[in-house]
Amino acid sequence: MFENKERTDINELGEFGLIKHLTTNFKIRNEFSVKGVGDDAAVLDSKGKQTLISTDLLLEGIHFDLAYVPLMHLGYKAVQVNLSDIYAMNGKASQITVSLGLSSKFPLEAVEEIYKGIELACNKYNIDLIGGDTSASKQGLVISITSIGYADADKVTYRNGANEHDLLCVSGDLGGAYVGLQILEREKLIYLENPQIQPDLEGKDYIIERQLKPEARMDIVALLEEMDIKPTSMIDVSDGLASEILHLATESDKGITIYEGKIPLDPMTYETAREFGLDPTVCALSGGEDYELLFTISQDDYKKLKHDVDITVIGHVTDKNSGCKMVSKSNNVHELKAQGWNAFNK
Ligand SMILES: Nc1ncnc2c1ncn2[C@@H]1O[C@H](COP(=O)(O)OP(=O)(O)O)[C@@H](O)[C@H]1O
Ligand SMILES: Cc1ncc(C[n+]2csc(CCOP(=O)(O)OP(=O)(O)O)c2C)c(N)n1
Ligand SMILES: [Mg+2]
């Protein structure tokens, strides 16, 4: 990825030189950011709103494979997966901190690529980079991002607010990131066997992008506000639909029933899953990394969003004793199990 480019040893700049070099382009743009990079701590002002904070850790070999993930995409995605958690609280994301563990194989140019991706994400989502930490790592690349956002207290949406008879909705479509990953893994194996063969990604742009360049659903939070809908509960889909449904149900002390035929799947996801001998529904239920928003709304709000093509009603909230169920296309009822992605199963 960066093997053939210019290589500047990070030692030439030192830790402080590196931080300065990486962060000088970032300008503070939010009224909530009082002080960003450059002091012992950043200073934020919540202006009377509630503060939302979330952290995620991305580890080379566990969360990403540099054999097929370009570093700029990695920086971009690392920001998206963190912003997604703020949007899942129905908040507006404003700041991030970025912490890096860099193994000696990374020259300055590689870190610059990661920061280009981070900068792109910050520009697009109006986020201030306000700090972080940088260290050498004995093995592999480590990226930890903390995202910070704000919401009025009455807008914050928890996992635990679903009421019986609420409708379960999901944004976008599911399973694409997982199927995209299957293609990248396949091409990696082919390349390892024969480096002369060029990767065959033709016609698969959408699902490859779902894996390499996800977009957190800031737009859905804005849309819900515009429609005057306050979801009763919400979560983002990082581990897979089934796992997130179980989180909403457990936290809300309710059951949830979904309908297989309603799960939104892009045709490319569907066809490619089939090519791999995978069940497209299972890809949506257990694949993960979709970074869509899964939320419940009161039935009274249905009329406000029923014409929106980007939001699909896939089920409803039941009493706790009914458990979490999926009604299949052939009308069989299956219990939903948390077979979502889990880093400890690797
Ligand atoms: N090592 C940890 N120490 C303290 N809290 C943690 C730790 N890891 C995760 N959490 C907390 O556990 C909750 C669930 O985390 P997680 O399953 O990672 O959620 P998400 O899928 O939204 O990232 C969150 O409140 C998170 O902050
Ligand atoms: C090499 C590689 N292995 C696995 C995956 C798939 N994967 C990475 S992260 C993830 C889900 C979310 O990760 P997690 O650490 O559980 O995030 P959180 O739920 O805490 O947001 C999945 C399915 C991948 N993209 N690349
Ligand atoms: Mg997490």
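Here the structure is a predicted model, which means the values were calculated and not measured.

J.: Just give me the short version of the site of ligand 1, but keep the residues and values in it.
T.: Lining the immediate environment of ligand 1, one finds Asp56, Asp85, Arg159 and Ser238. Within the contact set of ligand 1, an oxygen atom lies 3.5 Å away from a side-chain nitrogen or oxygen of Asp56. Between ligand 1 and Arg159, the relevant distance is 3.2 Å, taken from an oxygen atom to a side-chain nitrogen or oxygen of the residue. For ligand 1, the accessible surface in isolation is 560 Å², of which the surrounding protein chains cover 26%.

J.: Any chance you could break down the nonpolar core for me, citing the residues and the numbers?
T.: Grouped burial of nonpolar side chains is what soluble globular proteins tend to show. Ranked by size, the top nonpolar core spans 66 residues in total, and within it Leu83, Ile96, Tyr115, Ile118, Leu141, Ile143 and Phe295 carry the most contacts. In terms of residue count, helix 3 (residues 108-125) provides more of this core than any other element does, nine residues in total. Shared between two domains, this core holds at least three residues of each, these being domain 1 (10-151) and domain 2 (167-345). Setting aside residues up to four positions removed in sequence, Ile143 forms contacts with Asp56, Leu57, Leu58, Leu74, Ala78, Ser99, Leu100 and Ile114. Counting residues in hydrophobic clusters, the runner-up holds 22 residues, among them Ala162, Ala249, Leu285 and Met326.

J.: Please set out the UniProt feature "binding site: substrate" (unreviewed entry) in the protein residue by residue, giving values where relevant.
T.: As annotated by UniProt and renumbered to match this structure, "binding site: substrate" (unreviewed entry) occupies His63, Glu289 and Trp341. Taking the farthest pair of C-alpha atoms as the criterion, the annotated set spanning 279 residues converges on one region, since that pair is 10.5 Å apart. Assignment of secondary structure puts His63 in the loop between strand 3 (50-59) and helix 2 (71-87). Filtering out sequence-adjacent residues up to four positions away, His63 remains in contact with Leu57, Leu58 and Trp341. Judged by relative accessible area, Trp341 falls into the partly exposed class, the value being 34%.

J.: Account for the sheet that holds strand 12 (residues 324-327), with residues named and values stated.
T.: Within a sheet, adjacent strands bond to each other through the backbone by hydrogen bonds, running parallel or antiparallel. In spatial order, the strands read 8-10-7-11-9-12-13; together these seven strands make up an open sheet with mixed pairing. Only two strands of the sheet have a single neighbouring strand rather than two, namely strand 8 (233-236) and strand 13 (333-335). Neighbour-to-neighbour, the strand axes of the sheet open up by a mean angle of 25°, direction not taken into account. Sheet analysis places strand 7 (residues 167-171) next to strand 10 (residues 293-297), joined by four bridges and oriented antiparallel. Considered in strand 10, the bridge of Cys169 is made with Phe295. Along the sheet face, helix 7 (residues 241-252) touches strand 7, strand 8, strand 9 (255-259), strand 10, strand 11 (311-318) and strand 12 and points at about 150° away from the line of strand 8.

J.: Tell me about the environment of Glu187, residues and numbers included.
T.: Structurally, the position occupied by Glu187 is in helix 4 (residues 176-193). Using a relative accessible area of 9% as the deciding quantity, one classes Glu187 as buried. Sequence spacing of Glu187 and Gly340 is 153 residues, and the spatial spacing of their C-alpha atoms is 24 Å. Not counting residues within four places of it along the chain, the set of residues in contact with Glu187 comprises Gln198, Pro199, Asp200 and Leu201.

J.: If you had to explain the side chain of Asp173 to someone new, which residues and values would you point to?
T.: Position of Asp173 among the secondary structure elements: in the loop between strand 7 and helix 4. Excluding residues within four positions of it along the chain, Asp173 makes contact with Tyr206, Arg210, Pro264, Leu265, Asp266, Asp290 and Glu292.

J.: Break down the domain arrangement of the protein for me, with residues and values.
T.: Here the domain parsing of the protein yields domain 1 (10-151) and domain 2 (167-345). Taking the mean C-alpha position of each, domain 1 and domain 2 sit 26 Å from one another. The interface is formed by 23 residues belonging to domain 1 together with 24 residues belonging to domain 2. The junction of domain 1 with domain 2 conceals about 2100 Å² of combined surface from both sides, 59% of it contributed by carbon and sulfur atoms.

J.: Summarise the packing of aromatic side chains; cite the residues concerned and give the values.
T.: Within the structure shown, the criterion is met by three aromatic pairs. Here the aromatic rings of Phe26 and Tyr115 are separated by 6.1 Å at their centres, their planes lie at 90°, and the arrangement is edge-to-face. Separated by 89 residues along the polypeptide, Phe26 in the loop between helix 1 (14-23) and strand 1 (33-35) and Tyr115 in helix 3 bring together distant segments of the chain. The two residues Phe26 and Tyr115 agree in class, both being buried. Measuring from centroid to centroid gives 4.4 Å for Phe32 and Tyr150, while their planes differ by 20°, and the two rings are stacked. Taken together, the positions of Phe32 in the loop between helix 1 and strand 1 and Tyr150 in strand 6 (residues 142-151) put the pair 118 residues apart, joining distant regions of the chain.

J.: Tell me about unusual backbone geometry, and name the residues and values.
T.: Even without glycine at this site, Asn90 takes up a positive phi of about 65°. Note that Asn90 resides in the loop between helix 2 and strand 4 (92-102). Judged by its relative accessible area of 9%, Asn90 falls in the buried class. Even without being a glycine, Tyr291 presents a positive backbone phi close to 50°. Turning to its location among the elements, Tyr291 is positioned in the loop between helix 9 (280-286) and strand 10. Overall, the relative accessible area of 9% leaves Tyr291 in the buried class.

Rules used in this analysis
Residues numbered from 1 in each chain as written. Chains lettered and ligands numbered in written order. Predicted model: local features only at pLDDT ≥ 70, side-chain atom pairs only at ≥ 80, totals over all residues. Heavy atoms only, no water. Near = heavy atom within 4 Å. Polar contact = N/O pair within 3.5 Å; in protein donor to acceptor, adjacent residues only side chain to side chain. Areas by Shrake-Rupley, 256 points an atom, 1.4 Å probe, with all protein chains shown as cover. Core = buried A, V, L, I, M, F, W, Y, C linked by side-chain atoms within 4.5 Å. Buried < 20%, exposed > 50% of the residue type's maximum accessible area, 1.4 Å probe, protein only. Helix = DSSP H or I, 4+ residues; strand = E, 2+ residues; numbered from the N terminus. Domains from an automatic or database assignment. Contact = heavy atoms within 4.5 Å. UniProt positions renumbered as here; feature names shortened; annotations may be inferred. Pairing = 2+ DSSP bridges. Axes fitted to C-alpha atoms, helices over the stretch in contact; angles between N-to-C directions. Buried area = accessible area lost by both parts, 1.4 Å probe. Phe/Tyr/Trp six-rings, centres within 6.5 Å; stacked < 30°, edge-to-face > 60°.

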